[in-house]
Amino acid sequence: MGLPIAVLIVMFPSILFPSPNRLINNRLISIQQWLIQLTSKQMLMIHNQKGRTWALMLMSLIMFIGSTNLLGLLPHSFTPTTQLSMNLGMAIPLWAGTVITGFRHKTKASLAHFLPQGTPLPLIPMLVIIETISLFIQPMALAVRLTANITAGHLLIHLIGGATLALINISATTALITFTILVLLTILEFAVALIQAYVFTLLVSLYLHDNT
Amino acid sequence: MNCTLKDITSGIGIFCKIKIMTSPEMDAQIHFTDIKKHFNSYTLTGRMNWVLTTYEGIALMILYFKLRSTKAPTVKAT
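Only a predicted model underlies this, so the values are computations on that prediction, with no experimental measurement involved.

1. Considering the UniProt feature "transmembrane region" (unreviewed entry) in chain A
Residues and elements named next belong to chain A. The sites that carry the UniProt feature "transmembrane region" (unreviewed entry) are, in the present numbering, residues 53-74, 123-144, 156-184 and 190-208. Summarising residues 53-74: 77% helix, 0% strand, and an end-to-end C-alpha distance of 35 Å. As annotated, residues 123-144 has a helix share of 95% and a strand share of 0%, and its two end C-alpha atoms lie 30 Å apart.

See the structure below:
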């Protein structure tokens, strides 16, 4: 076919979210719809009319990152969100979209945002520079946060799993303790997978809120 | 609406708090005169002007150093 397998892996989570095609759907679709409604209500509460036009984008983002992270916890699977290139590819366009929206619709407020209210006169130039740098660091932080969290978790699981296997022949008790740690770590990684998806989407939502 | 909250506590005798709220909508109530009308860190216009001035200043500095480096003659060691 000539298609890289990474493309198929990235597209795979979308198969797990079938489109509702009936008024009353089956259990899987009903549960997914309920979860999406719960998340979207909570996330879009702070937004005005303009911000809510991003609802589909934000919900797709959280579903994609969450499902990709969870699928990555399967043994011998590949997690696209461990690749910095992929996370930068998500973070930079979304952040740039929020910034450009802000500059386009509220130019004065967007520029004034670079100087906190009530800043003393001698500190103004320094603070403007610092605020500008902090703005441009936002997409980098978004991407690196997701990459580092998922990569670190997978690495820990890999190392502790290897240590458990190695310790089985040496000391069964130590291997059991290490296995218990591995189980607890895996549970933690399930939580981290969902939390990181939520944090990524929430931060994009907050940047949007600042600019709409 | 973006609001900033400032708590001021009186340290004399009775403990009391005064909340001062400022927002972009209340900018009209803040009256500045002369240059402070356009350059202050309270109103939207004032903050925007300071930001633009800072960027222009940085651009001018970069331009100055660039032009100075192109104008300076190269000295050959003998």
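2. Concerning the nonpolar core
By size, the foremost hydrophobic cluster in this structure holds 33 residues, and its most contacted members are Leu-61, Ile-65, Met-90, Leu-142, Phe-200 and Val-204 of chain A. Of all elements in the fold, only helix 2 (27-44), helix 3 (55-71), helix 4 (84-105), helix 6 (124-168) and helix 7 (172-211) of chain A together with helix 1 (44-71) of chain B reach the threshold of two or more residues within this core. Take this core: its biggest share by element is 7 residues, from helix 6 of chain A. For Val-204 of chain A, the residues in contact, after removing those within four places along its chain, are Leu-58, Leu-61, Leu-94, Thr-98 and Leu-142 of chain A.

3. Re the interface of chain A and chain B
At the interface, 17 residues of chain A touch 15 residues of chain B. Contact between chain A and chain B buries roughly 1500 Å² in total, counting both sides, with carbon and sulfur atoms accounting for 69%. On the chain A side of the contact with chain B, Lys-108, Leu-111 and Gln-117 of chain A bury the most area, a combined 41% of that side's loss. Across the chain A-chain B interface, the total number found is 0 salt bridges. One can count 7 residue pairs in polar contact (both at pLDDT 80 or more) joining chain A with chain B. It is helix 6 of chain A that provides the largest number of residues to the side of chain A that touches chain B, a total of 5 residues.

4. Thoughts on unusual backbone geometry
With a phi close to 60°, His-76 of chain A is a non-glycine residue in the positive phi region. Here His-76 of chain A is to be found in the loop between helix 3 and helix 4.

Cut-offs applied
Residues numbered from 1 in each chain as written. Chains lettered and ligands numbered in written order. Predicted model: local features only at pLDDT ≥ 70, side-chain atom pairs only at ≥ 80, totals over all residues. Heavy atoms only, no water. UniProt positions renumbered as here; feature names shortened; annotations may be inferred. Helix = DSSP H or I, 4+ residues; strand = E, 2+ residues; numbered from the N terminus. Core = buried A, V, L, I, M, F, W, Y, C linked by side-chain atoms within 4.5 Å. Buried < 20%, exposed > 50% of the residue type's maximum accessible area, 1.4 Å probe, protein only. Contact = heavy atoms within 4.5 Å. Buried area = accessible area lost by both parts, 1.4 Å probe. Salt bridge = Lys/Arg side-chain N within 4 Å of Asp/Glu carboxyl O. Polar contact = N/O pair within 3.5 Å; in protein donor to acceptor, adjacent residues only side chain to side chain.

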